[in-house]
Amino acid sequence: MKRQKRDRLERAYSKGYQAGTAGRSNEVCPFQSADSRGQWLGGWREAQEIRSTGLFMK
């Protein structure tokens, strides 16, 4: 896989994680492509799991 493409997916994951830790809804995903959207939602889900354990409080 090309580095540029991998970086784009890593950035989507990171942005999803940030949205999840901030308590935002998964409906606010800004990506349309399936790959980027999947990565964003993966980051969002991981952050939600961590928030449910009480690590992040808002």
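Anything mentioned here points back to the structure above.
As the structure is a prediction and not an experimental result, all values here were calculated from the model.

Definitions and limits used
Residues numbered from 1 in each chain as written. Predicted model: local features only at pLDDT ≥ 70, side-chain atom pairs only at ≥ 80, totals over all residues. Heavy atoms only, no water. Helix = DSSP H or I, 4+ residues; strand = E, 2+ residues; numbered from the N terminus. Contact = heavy atoms within 4.5 Å. Areas by Shrake-Rupley, 256 points an atom, 1.4 Å probe, with all protein chains shown as cover. Core = buried A, V, L, I, M, F, W, Y, C linked by side-chain atoms within 4.5 Å. Buried < 20%, exposed > 50% of the residue type's maximum accessible area, 1.4 Å probe, protein only. Polar contact = N/O pair within 3.5 Å; in protein donor to acceptor, adjacent residues only side chain to side chain. Expected span 1.5 Å × (residues − 1). Arc of directions from axis to C-beta.

Draft legend 1. Local environment of the overall build of the protein. The number of helices and strands found in the protein is two helices and zero strands. In the protein, the proportion of contacts linking residues at least 24 apart, taken out of those at least 6 apart, comes to 66%. Accessible surface, the protein as shown: approximately 4,300 Å² in total, 48% of it carbon and sulfur.

Draft legend 2. Local environment of the nonpolar core. Grouped together as the largest cluster of nonpolar side chains are five residues: Ala19, Cys29, Trp40, Leu41 and Trp44. Per-element accounting of this core gives the leading share, three residues, to helix α2 (residues 34-52). Residues in contact with Cys29, not counting those within four places in the same chain, are Arg37 and Trp40.

Draft legend 3. Spotlight on the side chain of Ser36. Mapped onto the secondary structure, Ser36 falls in helix α2. Classification of Ser36 as buried rests on a relative accessible area of 8%. At a separation of 3.2 Å, a polar atom in the side chain of Ser36 contacts the side chain of Ser33. In this structure Ser36 touches Leu9, Ala12 and Phe31, once residues within four positions along its chain are discounted.

Draft legend 4. Up close: the environment of Arg51. Structurally, the position occupied by Arg51 is in helix α2. A relative accessible area of 24% places Arg51 in the partly exposed class. Residues Arg51 and Ala22, 29 residues apart in the sequence, show an inter-C-alpha distance of 9.3 Å.

Draft legend 5. Fine view of α2. Taking 1.5 Å as the rise per residue, α2 with 19 residues should run 27 Å; its terminal C-alpha atoms sit 26 Å apart, in good agreement. Those residues of α2 that fall on the buried side of the exposure criterion are Ser36, Trp40, Leu41, Gly43, Trp44 and Ala47. Along the long axis of α2, the arc covered by the buried residues comes to 160 degrees, so they all point the same way. Along α2, the residues that are exposed and aim more than 90 degrees away from the buried face are Ala34, Glu49 and Ser52. Directly after α2, the chain includes Gly54, whose backbone phi takes a positive value near 95 degrees.

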